[in-house]
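Residue-level structural notes
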Amino acid sequence: MKLQNTTPKQIHSSTLHSLALFSIIFLLCQCSSASAHLSNQTDQLALLEFKHQIANNPVFNLWNTSLHFCQWKGVECGHRHHRVIGLNLTGQNMFGTISPHIGNLSFLRFINLQDNHFHGEIPQQISYLYRLRHLNLTNNILGGPLPVNLSYCFNFRGVYLGDNHLVGMIPVELGSLKKLSLLDLDSNNLTGFIPTSFGNLSSLTQISLAAKNIKGTIPSELGRLRNLVFIGLGENNLTGRIPSSLFNISTISAFWTSSNRLTGTLPTNIGLTLPNLQVFGIGINNFRGEIPGSFLNASHLKFLEMASNMFTGQVPANLARISAKSF
(Lines give C-alpha, C1' and ligand atoms only; values in the text may rest on other atoms or scores of the structure.)
Protein backbone atom coordinates (compact mmCIF):
# COMPACT_ATOMS: atom_id res chain seq x y z
CA MET A 1 0.00 0.00 0.00
CA LYS A 2 1.39 3.36 -1.00
CA LEU A 3 1.12 6.23 1.50
CA GLN A 4 0.14 9.64 0.18
CA ASN A 5 2.40 12.56 0.99
CA THR A 6 0.73 15.43 2.89
CA THR A 7 2.20 18.87 2.41
CA PRO A 8 2.41 21.51 5.19
CA LYS A 9 0.03 23.65 3.14
CA GLN A 10 -2.60 20.92 3.16
CA ILE A 11 -2.19 20.40 6.90
CA HIS A 12 -2.60 24.14 7.49
CA SER A 13 -5.75 24.27 5.31
CA SER A 14 -7.26 21.28 7.09
CA THR A 15 -6.52 22.80 10.50
CA LEU A 16 -8.18 26.08 9.54
CA HIS A 17 -11.23 24.21 8.24
CA SER A 18 -11.54 22.27 11.51
CA LEU A 19 -11.18 25.42 13.59
CA ALA A 20 -13.81 27.21 11.53
CA LEU A 21 -16.23 24.28 11.89
CA PHE A 22 -15.62 24.11 15.65
CA SER A 23 -16.24 27.86 15.96
CA ILE A 24 -19.55 27.59 14.10
CA ILE A 25 -20.70 24.70 16.29
CA PHE A 26 -19.63 26.56 19.43
CA LEU A 27 -21.52 29.69 18.37
CA LEU A 28 -24.64 27.67 17.56
CA CYS A 29 -24.51 26.02 20.98
CA GLN A 30 -24.04 29.39 22.62
CA CYS A 31 -26.96 30.86 20.68
CA SER A 32 -29.14 27.87 21.56
CA SER A 33 -28.19 28.19 25.23
CA ALA A 34 -28.85 31.93 25.20
CA SER A 35 -32.22 31.39 23.48
CA ALA A 36 -33.25 28.79 26.08
CA HIS A 37 -32.20 31.13 28.87
CA LEU A 38 -34.23 34.00 27.41
CA SER A 39 -37.24 31.73 26.90
CA ASN A 40 -37.08 30.52 30.50
CA GLN A 41 -36.72 34.11 31.67
CA THR A 42 -39.81 35.04 29.63
CA ASP A 43 -41.80 32.34 31.45
CA GLN A 44 -40.55 33.49 34.85
CA LEU A 45 -41.40 37.13 34.18
CA ALA A 46 -44.86 36.20 32.88
CA LEU A 47 -45.57 34.20 36.03
CA LEU A 48 -44.41 37.05 38.26
CA GLU A 49 -46.68 39.47 36.36
CA PHE A 50 -49.54 37.01 36.85
CA LYS A 51 -48.77 36.96 40.58
CA HIS A 52 -48.71 40.78 40.81
CA GLN A 53 -52.34 41.00 39.58
CA ILE A 54 -53.56 38.94 42.54
CA ALA A 55 -53.98 39.93 46.18
CA ASN A 56 -51.64 38.37 48.73
CA ASN A 57 -52.09 34.62 48.78
CA PRO A 58 -50.11 31.87 50.58
CA VAL A 59 -49.67 30.06 47.26
CA PHE A 60 -47.22 32.76 46.20
CA ASN A 61 -44.95 32.57 49.25
CA LEU A 62 -42.36 30.65 47.24
CA TRP A 63 -43.03 32.33 43.91
CA ASN A 64 -39.68 34.17 43.86
CA THR A 65 -36.30 33.89 42.18
CA SER A 66 -34.76 31.87 45.04
CA LEU A 67 -36.53 28.82 43.59
CA HIS A 68 -36.76 27.75 39.95
CA PHE A 69 -40.25 28.57 38.67
CA CYS A 70 -40.82 24.94 37.66
CA GLN A 71 -40.94 24.21 41.40
CA TRP A 72 -43.50 26.90 42.19
CA LYS A 73 -46.84 25.62 43.47
CA GLY A 74 -49.40 25.26 40.70
CA VAL A 75 -46.80 25.41 37.90
CA GLU A 76 -46.06 22.41 35.69
CA CYS A 77 -43.11 22.36 33.29
CA GLY A 78 -42.15 20.11 30.41
CA HIS A 79 -39.22 17.77 30.97
CA ARG A 80 -37.37 18.63 27.79
CA HIS A 81 -37.25 22.42 27.59
CA HIS A 82 -38.32 23.25 31.17
CA ARG A 83 -40.99 25.58 29.83
CA VAL A 84 -44.33 26.12 31.59
CA ILE A 85 -46.94 23.78 30.14
CA GLY A 86 -49.57 23.99 32.86
CA LEU A 87 -51.01 26.40 35.41
CA ASN A 88 -53.23 24.68 37.97
CA LEU A 89 -54.47 26.99 40.75
CA THR A 90 -57.98 25.69 41.24
CA GLY A 91 -59.77 26.55 44.50
CA GLN A 92 -57.01 28.74 45.98
CA ASN A 93 -59.27 31.62 47.10
CA MET A 94 -57.54 34.04 44.74
CA PHE A 95 -58.79 37.62 44.26
CA GLY A 96 -57.63 39.63 41.27
CA THR A 97 -57.53 39.82 37.50
CA ILE A 98 -55.90 37.52 34.98
CA SER A 99 -52.77 39.24 33.70
CA PRO A 100 -52.45 39.68 29.92
CA HIS A 101 -48.85 38.48 30.36
CA ILE A 102 -50.29 34.96 30.54
CA GLY A 103 -50.13 35.14 26.75
CA ASN A 104 -46.32 35.01 26.97
CA LEU A 105 -46.39 31.47 28.38
CA SER A 106 -46.17 30.15 24.85
CA PHE A 107 -45.82 26.45 25.78
CA LEU A 108 -48.99 26.33 27.91
CA ARG A 109 -51.17 23.26 27.35
CA PHE A 110 -53.70 23.84 30.13
CA ILE A 111 -54.93 26.64 32.41
CA ASN A 112 -57.05 25.74 35.42
CA LEU A 113 -58.16 28.70 37.56
CA GLN A 114 -61.51 27.20 38.57
CA ASP A 115 -63.25 28.10 41.84
CA ASN A 116 -61.54 31.41 42.62
CA HIS A 117 -62.58 35.08 42.59
CA PHE A 118 -61.02 36.37 39.40
CA HIS A 119 -62.81 39.42 38.01
CA GLY A 120 -62.37 41.65 34.99
CA GLU A 121 -62.32 40.25 31.46
CA ILE A 122 -60.72 37.20 29.90
CA PRO A 123 -57.44 38.52 28.43
CA GLN A 124 -57.35 38.73 24.63
CA GLN A 125 -53.74 37.54 24.86
CA ILE A 126 -54.87 33.98 25.64
CA SER A 127 -55.36 33.73 21.87
CA TYR A 128 -51.54 33.72 21.49
CA LEU A 129 -51.40 30.29 23.15
CA TYR A 130 -51.79 28.09 20.10
CA ARG A 131 -50.66 25.00 22.05
CA LEU A 132 -53.43 25.46 24.66
CA ARG A 133 -55.76 22.48 24.97
CA HIS A 134 -57.80 23.14 28.11
CA LEU A 135 -59.02 26.45 29.52
CA ASN A 136 -60.93 26.16 32.80
CA LEU A 137 -62.12 29.43 34.36
CA THR A 138 -65.32 27.99 35.86
CA ASN A 139 -66.89 29.59 38.93
CA ASN A 140 -65.23 33.00 39.05
CA ILE A 141 -66.72 36.49 38.57
CA LEU A 142 -65.30 37.20 35.13
CA GLY A 143 -67.28 39.64 33.00
CA GLY A 144 -67.22 41.21 29.59
CA PRO A 145 -67.71 39.41 26.28
CA LEU A 146 -66.22 36.14 25.15
CA PRO A 147 -63.05 37.02 23.19
CA VAL A 148 -63.67 36.29 19.52
CA ASN A 149 -60.02 35.41 19.03
CA LEU A 150 -60.27 32.37 21.34
CA SER A 151 -60.88 30.66 18.01
CA TYR A 152 -57.14 31.11 17.29
CA CYS A 153 -56.44 28.42 19.92
CA PHE A 154 -57.07 25.72 17.35
CA ASN A 155 -55.83 22.93 19.64
CA PHE A 156 -58.59 23.47 22.21
CA ARG A 157 -60.11 20.26 23.56
CA GLY A 158 -62.01 21.75 26.48
CA VAL A 159 -63.31 25.27 27.22
CA TYR A 160 -64.95 25.61 30.64
CA LEU A 161 -66.28 29.11 31.34
CA GLY A 162 -69.45 28.36 33.29
CA ASP A 163 -70.64 30.22 36.40
CA ASN A 164 -69.25 33.66 35.55
CA HIS A 165 -70.75 36.99 34.48
CA LEU A 166 -69.91 36.89 30.79
CA VAL A 167 -72.14 39.00 28.52
CA GLY A 168 -72.80 39.48 24.84
CA MET A 169 -73.28 37.01 22.04
CA ILE A 170 -71.53 33.68 21.53
CA PRO A 171 -68.91 34.25 18.80
CA VAL A 172 -69.67 32.32 15.62
CA GLU A 173 -65.91 31.96 15.18
CA LEU A 174 -65.83 29.31 17.93
CA GLY A 175 -67.38 26.97 15.37
CA SER A 176 -63.95 26.61 13.74
CA LEU A 177 -62.49 24.66 16.70
CA LYS A 178 -62.48 21.24 15.04
CA LYS A 179 -60.73 19.50 17.96
CA LEU A 180 -63.02 20.87 20.68
CA SER A 181 -64.61 18.09 22.71
CA LEU A 182 -66.27 20.00 25.58
CA LEU A 183 -67.81 23.48 25.67
CA ASP A 184 -69.33 24.79 28.91
CA LEU A 185 -70.82 28.29 28.97
CA ASP A 186 -73.42 27.59 31.67
CA SER A 187 -74.76 30.22 34.06
CA ASN A 188 -73.56 33.43 32.43
CA ASN A 189 -75.47 36.39 31.02
CA LEU A 190 -74.94 35.57 27.37
CA THR A 191 -77.51 36.70 24.83
CA GLY A 192 -78.26 36.19 21.15
CA PHE A 193 -78.51 32.89 19.34
CA ILE A 194 -76.80 29.50 19.22
CA PRO A 195 -74.41 29.86 16.27
CA THR A 196 -75.19 27.57 13.35
CA SER A 197 -71.41 27.23 12.97
CA PHE A 198 -71.46 24.94 16.02
CA GLY A 199 -72.56 22.23 13.62
CA ASN A 200 -68.91 22.19 12.47
CA LEU A 201 -67.59 21.14 15.91
CA SER A 202 -67.14 17.58 14.71
CA SER A 203 -65.25 16.38 17.83
CA LEU A 204 -67.78 17.79 20.31
CA THR A 205 -69.07 15.35 22.93
CA GLN A 206 -70.51 17.78 25.49
CA ILE A 207 -72.13 21.17 25.07
CA SER A 208 -73.70 23.14 27.90
CA LEU A 209 -75.32 26.50 27.13
CA ALA A 210 -77.72 27.01 30.01
CA ALA A 211 -76.88 30.69 29.87
CA LYS A 212 -80.25 32.25 30.79
CA ASN A 213 -80.86 34.61 27.86
CA ILE A 214 -80.12 32.72 24.64
CA LYS A 215 -83.04 32.98 22.25
CA GLY A 216 -84.15 31.77 18.82
CA THR A 217 -84.42 28.19 17.64
CA ILE A 218 -82.09 25.24 18.15
CA PRO A 219 -80.04 25.04 14.93
CA SER A 220 -80.66 21.90 12.90
CA GLU A 221 -76.90 21.93 12.20
CA LEU A 222 -76.33 20.52 15.72
CA GLY A 223 -77.67 17.26 14.33
CA ARG A 224 -74.32 16.83 12.55
CA LEU A 225 -72.55 16.32 15.91
CA ARG A 226 -72.45 12.55 15.73
CA ASN A 227 -70.22 12.13 18.82
CA LEU A 228 -72.46 14.13 21.15
CA VAL A 229 -73.02 12.59 24.59
CA PHE A 230 -74.40 15.54 26.59
CA ILE A 231 -76.48 18.45 25.35
CA GLY A 232 -77.66 21.04 27.87
CA LEU A 233 -79.67 24.00 26.58
CA GLY A 234 -81.98 24.55 29.55
CA GLU A 235 -83.00 27.81 31.22
CA ASN A 236 -83.01 30.00 28.12
CA ASN A 237 -85.59 31.60 25.85
CA LEU A 238 -85.41 29.08 23.04
CA THR A 239 -88.48 28.68 20.84
CA GLY A 240 -89.70 26.42 18.05
CA ARG A 241 -89.24 22.68 17.69
CA ILE A 242 -86.29 20.51 18.62
CA PRO A 243 -84.69 19.49 15.29
CA SER A 244 -85.53 15.88 14.51
CA SER A 245 -81.86 15.26 13.69
CA LEU A 246 -80.97 15.63 17.39
CA PHE A 247 -83.20 12.67 18.22
CA ASN A 248 -81.10 10.52 15.89
CA ILE A 249 -77.73 10.97 17.61
CA SER A 250 -77.51 7.54 19.20
CA THR A 251 -74.52 8.45 21.43
CA ILE A 252 -76.52 10.95 23.53
CA SER A 253 -76.86 9.95 27.18
CA ALA A 254 -78.09 13.27 28.64
CA PHE A 255 -80.58 15.56 26.88
CA TRP A 256 -81.65 18.68 28.76
CA THR A 257 -83.76 21.54 27.37
CA SER A 258 -86.00 22.35 30.36
CA SER A 259 -87.25 25.87 31.09
CA ASN A 260 -87.56 27.27 27.58
CA ARG A 261 -90.51 27.94 25.26
CA LEU A 262 -90.06 24.95 22.98
CA THR A 263 -93.00 23.36 21.19
CA GLY A 264 -93.85 20.28 19.15
CA THR A 265 -94.23 16.59 19.86
CA LEU A 266 -91.77 13.84 20.75
CA PRO A 267 -90.94 11.11 18.22
CA THR A 268 -92.79 7.89 18.99
CA ASN A 269 -89.55 5.91 18.55
CA ILE A 270 -87.38 8.15 20.75
CA GLY A 271 -86.31 5.28 22.99
CA LEU A 272 -85.04 3.39 19.95
CA THR A 273 -83.11 6.23 18.33
CA LEU A 274 -81.57 7.28 21.67
CA PRO A 275 -80.66 3.85 23.12
CA ASN A 276 -77.96 5.23 25.46
CA LEU A 277 -80.22 7.81 27.09
CA GLN A 278 -79.83 8.14 30.87
CA VAL A 279 -81.19 11.64 31.56
CA PHE A 280 -83.98 13.34 29.61
CA GLY A 281 -85.38 16.71 30.71
CA ILE A 282 -87.82 18.88 28.76
CA GLY A 283 -89.94 20.26 31.61
CA ILE A 284 -91.46 23.77 31.63
CA ASN A 285 -91.98 24.09 27.88
CA ASN A 286 -94.97 23.83 25.53
CA PHE A 287 -94.70 20.27 24.26
CA ARG A 288 -97.92 18.48 23.38
CA GLY A 289 -99.13 15.08 22.20
CA GLU A 290 -98.59 11.79 23.99
CA ILE A 291 -95.63 10.60 26.01
CA PRO A 292 -93.93 7.88 23.93
CA GLY A 293 -93.95 4.40 25.43
CA SER A 294 -90.70 3.65 23.57
CA PHE A 295 -88.75 5.32 26.40
CA LEU A 296 -88.73 1.80 27.88
CA ASN A 297 -86.32 0.76 25.12
CA ALA A 298 -83.73 3.15 26.50
CA SER A 299 -82.70 0.60 29.10
CA HIS A 300 -80.24 2.92 30.86
CA LEU A 301 -82.78 5.69 31.48
CA LYS A 302 -82.70 6.82 35.11
CA PHE A 303 -84.15 10.35 35.11
CA LEU A 304 -87.13 11.58 33.12
CA GLU A 305 -88.38 15.15 33.68
CA MET A 306 -91.34 16.32 31.55
CA ALA A 307 -93.57 18.31 33.93
CA SER A 308 -95.31 21.60 33.04
CA ASN A 309 -96.02 20.86 29.38
CA MET A 310 -99.26 20.17 27.50
CA PHE A 311 -99.04 16.42 27.07
CA THR A 312 -102.27 14.49 26.67
CA GLY A 313 -103.28 10.88 27.23
CA GLN A 314 -101.99 8.45 29.83
CA VAL A 315 -98.45 8.11 31.16
CA PRO A 316 -97.24 4.76 29.77
CA ALA A 317 -97.41 2.20 32.57
CA ASN A 318 -94.06 0.70 31.63
CA LEU A 319 -92.29 3.90 32.68
CA ALA A 320 -92.90 3.10 36.33
CA ARG A 321 -89.49 1.44 36.56
CA ILE A 322 -87.67 4.75 36.06
CA SER A 323 -86.30 5.75 39.45
CA ALA A 324 -86.68 9.53 39.11
CA LYS A 325 -89.47 10.93 36.96
CA SER A 326 -91.76 13.94 36.76
CA PHE A 327 -94.75 14.31 34.41
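Structure: above.
Right, let's walk through the structure included here. In this text, all values refer to a predicted model and were calculated from it rather than measured experimentally.

1. Details of the overall build of the chain
Counting its secondary structure elements, the chain contains two helices and 21 strands. Per-residue burial for the chain yields a buried fraction of 44% across its 327 residues. A separation threshold of at least 6 residues defines the contact pool for the chain, and within that pool the share at least 24 residues apart is 51%.

2. Describing the sheet that holds strand β14 (residues 237-241)
Overall, parallel pairing links the seven strands, which are arranged β8-β10-β12-β14-β16-β18-β20 in an open sheet. If you trace the sheet from one side to the other, it starts and ends with β8 (167-169) and β20 (310-311), each paired once.

3. Side note on the side chain of S99
Residue placement: S99 occurs in the loop between β3 (95-97) and β4 (110-112). Judged by its relative accessible area of 1%, S99 falls in the buried class. A polar side-chain atom of S99 sits 3.0 Å from the main-chain amide nitrogen of H101. Setting aside residues up to four positions removed in sequence, S99 forms contacts with E49, F50, Q53 and P123.

4. Observations concerning the packing of aromatic side chains
Enumeration according to the criterion identifies ten aromatic pairs in this entry. For the ring pair F50 and F118, a centre distance of 6.3 Å and an interplane angle of 40 degrees mean the geometry is tilted. With F50 in helix α1 (residues 8-52) and F118 in strand β5 (residues 117-119), the pair connects residues that are 68 residues apart, well separated along the chain. F118 gets classed as buried once you look at its relative accessible area, which sits at 0%. When the ring of F60 is compared with that of W63, the centres are 4.7 Å apart and the planes differ by 70 degrees; the resulting orientation is edge-to-face. Accessibility assignment for this pair places F60 and W63 in one class, buried.

5. Points about the environment of Q53
With respect to the helices and strands, the residue Q53 is situated in the loop between α1 and β1 (75-77). On the basis of relative accessible area, Q53 is assigned to the partly exposed category, the value being 36%. Sequence-wise, Q53 and G96 are 43 residues apart; in three dimensions their C-alpha atoms are separated by 5.7 Å. The contacts of Q53, once residues within four sequence positions are left out, are F95, G96, T97 and S99. One polar contact links Q53 to T97, side chain to side chain, over a distance of 3.2 Å.

6. Some details on the pattern of salt bridges
Enumeration according to the criterion identifies one salt bridge in this entry. Close ionic contact of D43 with R83 constitutes a salt bridge, the shortest N to O distance being 2.9 Å. Separated by 40 residues along the polypeptide, D43 in helix α1 and R83 in the loop between β1 and β2 (84-88) bring together distant segments of the chain. Classification of D43 by relative accessible area gives buried; the value is 0%. A relative accessible area of 7% places R83 in the buried class.

7. Remarks on the nonpolar core
In terms of nonpolar packing, the biggest core is built from 82 residues, with F50, W63, F198, F280 and F295 touching the most fellow members. If you list the elements that add at least two residues to this core, you get α1, β1 and β2. Here the element with the most residues in this core is α1; it accounts for four residues. What F295 contacts, discounting residues up to four positions off in sequence, is L266, I270, G271, L277, F280, L301, L304, M306, L319 and R321.

Calculation criteria
- Residues numbered from 1 in each chain as written.
- Predicted model: local features only at pLDDT ≥ 70, side-chain atom pairs only at ≥ 80, totals over all residues.
- Heavy atoms only, no water.
- Helix = DSSP H or I, 4+ residues; strand = E, 2+ residues; numbered from the N terminus.
- Buried < 20%, exposed > 50% of the residue type's maximum accessible area, 1.4 Å probe, protein only.
- Contact = heavy atoms within 4.5 Å.
- Pairing = 2+ DSSP bridges.
- Polar contact = N/O pair within 3.5 Å; in protein donor to acceptor, adjacent residues only side chain to side chain.
- Phe/Tyr/Trp six-rings, centres within 6.5 Å; stacked < 30°, edge-to-face > 60°.
- Salt bridge = Lys/Arg side-chain N within 4 Å of Asp/Glu carboxyl O.
- Core = buried A, V, L, I, M, F, W, Y, C linked by side-chain atoms within 4.5 Å.

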